[in-house]
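Observations on the three-dimensional arrangement
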Amino acid sequence: MIKTRQDMITVQERYGQALQRAKARFVVCAGPGCVASGSLQVYEALVQELKERNLHTTVDCLLEAEGQRDGVITVNSGCQGFCQLGPLVRVEPEGILYTKVKADGDDVREIVDAMEAHTVVTHLCYHDPRTHAIMPTEQEIPFYKHQTRVALANCGIVDPEDIRSYMQRGGYQGLATALELAPEEVLGKILQANLRGRGGGGFPAGRKWAIAAAQKTDHKYMICNGDEGDPGAFMDRSIMEGDPHSVIEGMLIAGYAIGASEGYIYVRAEYPLAVQRLRQTIDDATKHGLAGKNILGSDFSFVIHVKEGAGAFVCGEESALIASIEGDRGMSRPKPPFPAVSGLWGKPTVINNVETLANVAQILVKGVDWFRSIGTEDSPGTKTFALTGEVENTGLIEVPMGKTLKDIVFTIGGGIRDGRQLKGVQIGGPSGGCLTESHLEIIVDFDSLKEVGAMMGSGGMVVMDENTCVVEVARFFMNFIQHESCGKCTFCREGTLQMLQILQRIVDGHGEVEDLDLLIEIGEAVQLGSLCGLGKSAPNPVLSTLANFRDEYLAHVVDKRCPAGVCHNLRRLVISEEKCRSCWLCVKVCPVNAISGSRKEPYKINQEKCIKCDACLTVCRFGAIEEVY
Amino acid sequence: MNTTVLGTEEAEASFDLGFLNEVLAKTGTSTAALIPILQAVQEKCRYLPEEAIIHVAAALGLSVATVYGVATFYAQFSLEPKGKYVIKICDGTACHVRGSIPVYEALRKRVNLEDGRSTTENRMYTVETVACLGACVLAPVITINDQVYGHMTADAINIIIDTLGQEGTEHD
Ligand SMILES: Cc1cc2nc3c(=O)[nH]c(=O)nc-3n(C[C@H](O)[C@H](O)[C@H](O)COP(=O)(O)O)c2cc1C
Ligand code: SF4
């Protein structure tokens, strides 16, 4: 039971001493990427190896036998970020990072040997692809070196299932600080820090809290939005799985500031581990007196429920999310009234994103000035991104606001895969926009992204190279949105369908030049005629690619060509004169008699007639049929 | 491959009200409990039997239409029994740009799914796409009953189905 700040400090110190008494701590990443590449098996193998050598211990053993030294602690942590090179194992206290560790073979044995001999297994360390230098620790690796971790400060480090591990990192001291202040003072700090919502809009959290705090009612709610619907984003998931206490602590502080006594975390259906972790975290916090009744001996009480979403993107939108918690179809409701005035069951409700809340406790502990010293004047702090697509280093990153796109894609991301050319970067998922090479120098914060027609969104950042067709990507997003529209507004429901059909026509090779203007016209109408953010931002990917890549659209509609070589229907099948042996096989299989020629001459395909069925391609034994884009 | 894994009649007969009552005892009968109740039924039966929808509506004092409306709004619920193996093809942005659709199409072809259907005739496989499973580095990714497979290709999916097919018949 934790009753005072002193109790927290005692846990912090004792846990810290136990860690110091250990010979080493093996932190095996159990983030989604690493698990999928087999990190749980690596964990088992490490434990097995340590047990065989009589080296395995736990924090509890070390805590009990105060004098005991030695032994290695093993932890399954949340995402350590560098998913590209998973499974990852970090050896503390040295901070050596092993990459692509395999459970079978010698890797595990070599890691334990090296730990005992105080050496490093160089072939498992990160190698700089250019200089070939070996970089054993995170501090040296460019991917990590240029990041600043605030929301992810503990993710990949703490044991997410042990509340004491969180306290060892200073956890729950933000809550203690908050409870020593009046609610207005806590609110004042978040306002001064200008913490802006990380869920997309960038609305100042303090302003939202202030509106709810000013409402005089018996009951208010605090909701954490963990719906993370952007297809291509996994930051919130990583925080909920890897550092769930930071989210709970943020919610408690927010609840205290606005005068709420009940909270919900709404978690996306596809994240079962996050749901399980959060439930356990709430139980643990409650058992320790850090949630539930009379928190830390004060008269502040706050209960938290976990709600599982049921698979609807629009439920990330505040009013739809509220409808869903109430047990209804997740359809958006008109605003005002804003949820902060009348939300869940008509009561004042504040909704914040997972990452926003993960910043809150640290602002209270480290201070407003510290927070404002990171990032830009108008967007203080950091932002996490899921960096994916055709970039060399994919993974979960966090950077101060105000880094340039170039810093992110090239310095941290290591540039484009296989030395290919950058084509565009899609930021903000289906609500965002597509930036090009000419935007590389823009700084990434809420306002400057808006200026160029993109949007921070939740922080999915998908890098595309010359082999990605932007028209097809625009179609992909429109298809996603069209499926996810809740159907309430005609423009969103029908407009997105029309846009999708036009885009489909274009990638199928039946587009016309007029279609491009039509897309813009419908897009603008959808923006105007939609109630919620889903519809309002749905045309963004199309409009921004039309603005930035008009040539590529024109190639599709005028030349009937897909320069990236993606759109299948825009290929031409041609017969290579050199390779053709005039064997007649293709002529025989062509269902539309599009191939002609005589015995001695190479054959030809009549493009007018060809239906691109690929029959000739499959049958030719000399590889003479070529696909030309 | 004519073996029926779970026939509609069997599934409907196997829907037991006892289970529903247990769920109701835990969740209560407020409107807010509707989605969690349907989630419990979906998890147990792999779909929402008509009978269950009618009983839930009665227990919560809602119209059947309201419950049906909620059940059809959310992608998690299905009104048709799902297959023994639920295969989800991640079509998040990263997987999409790295070729998830060819894998999806190869799979549908392999298990003989006709247009518009997502579950095979014999209830062996359900094939669906899903937005981002959060394993973008392994793109394209699929899950089969929540087990993740990365770096998928059309060939790889064929091999996986071969093995599942064998397992499936062995167990029956
Ligand atoms: C269609 C749509 C989907 C959204 N999805 C999410 C989401 O997945 N996660 C999230 O935090 N916010 C999402 N938002 C934004 C929320 O409505 C809301 O602004 C946010 O949760 C507020 O938290 P913040 O101020 O801390 O960012 C979405 C908005 C729209 C319109
Ligand atoms: S804009 Fe679209 S998603 Fe939003 S309320 Fe209207 S129809 Fe629903």
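Residues numbered from 1 in each chain as written. Chains lettered and ligands numbered in written order. Predicted model: local features only at pLDDT ≥ 70, side-chain atom pairs only at ≥ 80, totals over all residues. Heavy atoms only, no water.

This paragraph deals with helix H15 (residues 354–366) of chain A. Working note: α-helix, 3.6 residues per turn, so residues spaced by three or four point in the same direction. Residues and elements named next belong to chain A. Within H15, 11 of the 13 residues are buried, which leaves it mostly tucked inside the rest of the structure. If you check which residues of H15 are buried, you get Val-354, Glu-355, Thr-356, Leu-357, Ala-358, Asn-359, Val-360, Ala-361, Gln-362, Ile-363 and Leu-364. In this structure Asn-353 caps H15, since a side-chain oxygen of it lies 2.8 Å from the backbone nitrogen of Glu-355. Positive phi shows up at Gly-367, right after H15, with a value of about 100°. (Buried < 20%, exposed > 50% of the residue type's maximum accessible area, 1.4 Å probe, protein only. Helix = DSSP H or I, 4+ residues; strand = E, 2+ residues; numbered from the N terminus. Polar contact = N/O pair within 3.5 Å; in protein donor to acceptor, adjacent residues only side chain to side chain.)

This part is about the pairing of strand S17 (residues 572–575) of chain A. Residue and element names in this part refer to chain A. Burial along S17 is one-sided: the residues Leu-573 and Ile-575 are buried and none of Arg-572 and Val-574 is. As paired strands, S17 and strand S20 (residues 625–628) are joined by 4 bridges and run antiparallel to one another. Each bridged residue has a counterpart across the sheet, and for Arg-572 the counterpart in S20 is Val-628. (Pairing = 2+ DSSP bridges.)

On domain assignment, one finds that chain B holds domain 1 (17–73) and domain 2 (85–164). For domain 1 of chain B and domain 2 of chain B, the distance between their C-alpha centroids amounts to 29 Å. (Domains from an automatic or database assignment.)

Under the counting rule described, the total for this entry stands at 16 aromatic pairs over all chains. Here the aromatic residues Phe-82, Tyr-126, Phe-143 and Tyr-144 of chain A are joined through ring pairs into a cluster of three or more. Stacked on the ring of Phe-385 of chain A, the Lys or Arg Lys-383 of chain A has its end atom at 5.8 Å from the ring centre. Lying over the aromatic face of Phe-19 of chain B, Lys-44 of chain B brings its terminal NZ or CZ to 4.9 Å of the ring centre. (Phe/Tyr/Trp six-rings, centres within 6.5 Å; stacked < 30°, edge-to-face > 60°. Lys NZ or Arg CZ within 6 Å of the ring centre and 35° of its normal.)

One pass over the full model with this rule turns up 0 disulfides over all chains. In this structure Cys-586 of chain A is not part of a disulfide, and its nearest cysteine sulfur, from Cys-583 of chain A, lies 6.1 Å away. (Disulfide = S-S within 2.5 Å.)

Facing 47 residues of chain A, the contacting portion of chain B comprises 31 residues. Both sides of the chain A and chain B interface together cover about 2900 Å² of buried area, and 61% of this is carbon and sulfur. When residues of chain A are sorted by the area they lose upon contact with chain B, Ala-310, Arg-329 and Phe-476 of chain A head the list and together hold 19% of the total. Linking chain A with chain B are 1 salt bridge, by the criterion used here. For Arg-98 of chain B, the salt bridge identified is with Glu-390 of chain A, shortest N-O distance 3.2 Å. Linking chain A with chain B are 13 residue pairs in polar contact (both at pLDDT 80 or more), by the criterion used here. Breaking the side of chain A that touches chain B down by element, the ones donating at least two residues are helix H2 (32–36), strand S10 (303–308), helix H14 (318–325), strand S12 (382–389) and helix H19 (470–484) of chain A. (Contact = heavy atoms within 4.5 Å. Buried area = accessible area lost by both parts, 1.4 Å probe. Salt bridge = Lys/Arg side-chain N within 4 Å of Asp/Glu carboxyl O.)

Residues and elements named next belong to chain A. In the neighbourhood of ligand 1, 18 residues make up the surrounding shell, with Gly-199, Asn-225, Asn-352, Asn-353 and Thr-356 lying closest. Ile-351 is positioned with one of its backbone polar atoms (N or O) 3.5 Å from an oxygen atom of ligand 1. A distance of 2.7 Å separates an oxygen atom of ligand 1 from a polar side-chain atom of Thr-356. Against a free-state accessible area of 610 Å², the protein chains account for coverage of 88% of ligand 1. A majority-of-atoms criterion places ligand 1 in the second largest pocket. No other element matches the 3 residues that strand S11 (residues 349–353) contributes to the shell around ligand 1. The residue makeup of the shell around ligand 1, split by class, is 3 nonpolar, 9 polar and 6 charged. (Near = heavy atom within 4 Å. Areas by Shrake-Rupley, 256 points an atom, 1.4 Å probe, with all protein chains shown as cover. 1 Å grid on protein atoms, 1.4 Å probe; cavity = no way out; pocket = protein on both sides within 12 Å on 5 of 7 lines; lining within 4 Å. Sits in = over half its atoms within 2 Å of the grid points. Nonpolar A, V, L, I, M, F, W, Y, C, P; charged D, E, K, R; others polar.)

Before going further, it helps to spend a moment on the domain arrangement of chain A. All names here are of chain A. Here chain A is partitioned into domain 1 (7–141), domain 2 (163–372), domain 3 (382–465), domain 4 (470–557) and domain 5 (571–628). Listed per partner, the contact involves 11 residues of domain 2 and 8 residues of domain 4. Interface area for domain 2 against domain 4, summed over the two sides, is near 880 Å², with a carbon-plus-sulfur share of 77%. A per-residue breakdown of the area domain 2 buries against domain 4 is headed by Pro-231, Phe-313 and Ser-332, which together make up 51% of the total. Connecting domain 2 to domain 4 are 0 salt bridges. At the junction of domain 2 and domain 4, the tally comes to 2 residue pairs in polar contact (both at pLDDT 80 or more). For the side of domain 2 that touches domain 4, a count of residues per class yields 6 nonpolar, 3 polar and 2 charged.

As a structural note, the neighbourhood of ligand 2 is formed by 13 residues, with Cys-486, Lys-488, Cys-489, Cys-492 and Cys-532 of chain A the closest of them. Of the residues belonging to the shell around ligand 2, the class tally is 7 nonpolar, 5 polar and 1 charged.

Okay, the packing of helix H2 (residues 17–27) of chain B against helix H3 (residues 34–45) of chain B next. Residue and element names in this part refer to chain B. Their axes nearest at 10 Å, the elements H2 and H3 cross at an angle of 145°. Regarding H2 and H3, the two cross each other, and that crossing is right-handed. In this structure, H2 uses Phe-19, Leu-20, Val-23, Leu-24 and Thr-27 to contact H3, whose residues at the interface are Pro-36, Ile-37, Ala-40, Val-41 and Lys-44. Residue composition of the contact of H2 with H3, grouped by class: 8 nonpolar, 1 polar and 1 charged. (Axes fitted to C-alpha atoms, helices over the stretch in contact; angles between N-to-C directions. Left-handed = near helix turned anticlockwise from the far one by under 90°.)

Mapping Arg-123 of chain B onto the fold places it in the loop between helix H7 (100–110) and strand S2 (125–130). Sequence separation between Arg-123 of chain B and Glu-50 of chain B is 73 residues, and the spatial gap between their C-alpha atoms is 18 Å.

On to the sheet that holds strand S15 (residues 433–436) of chain A. The strands making up a sheet associate through hydrogen bonds between their backbones, and the pairing can be parallel or antiparallel. Residue and element names in this part refer to chain A. Pairing within the open sheet is mixed, and its 5 strands lie in the order S13-S12-S16-S14-S15. If you trace the sheet from one side to the other, it starts and ends with strand S13 (395–400) and S15, each paired once. Neighbour-to-neighbour, the strand axes of the sheet open up by a mean angle of 30°, direction not taken into account. Lying on the sheet, helix H11 (residues 235–242) is in contact with S12, S13 and strand S16 (460–465); it crosses S12 at an angle near 115°. In the packing of helix H23 (residues 540–548) onto the sheet, contacts are made with strand S14 (422–427) and S15, and the angle to S15 comes to roughly 25°.

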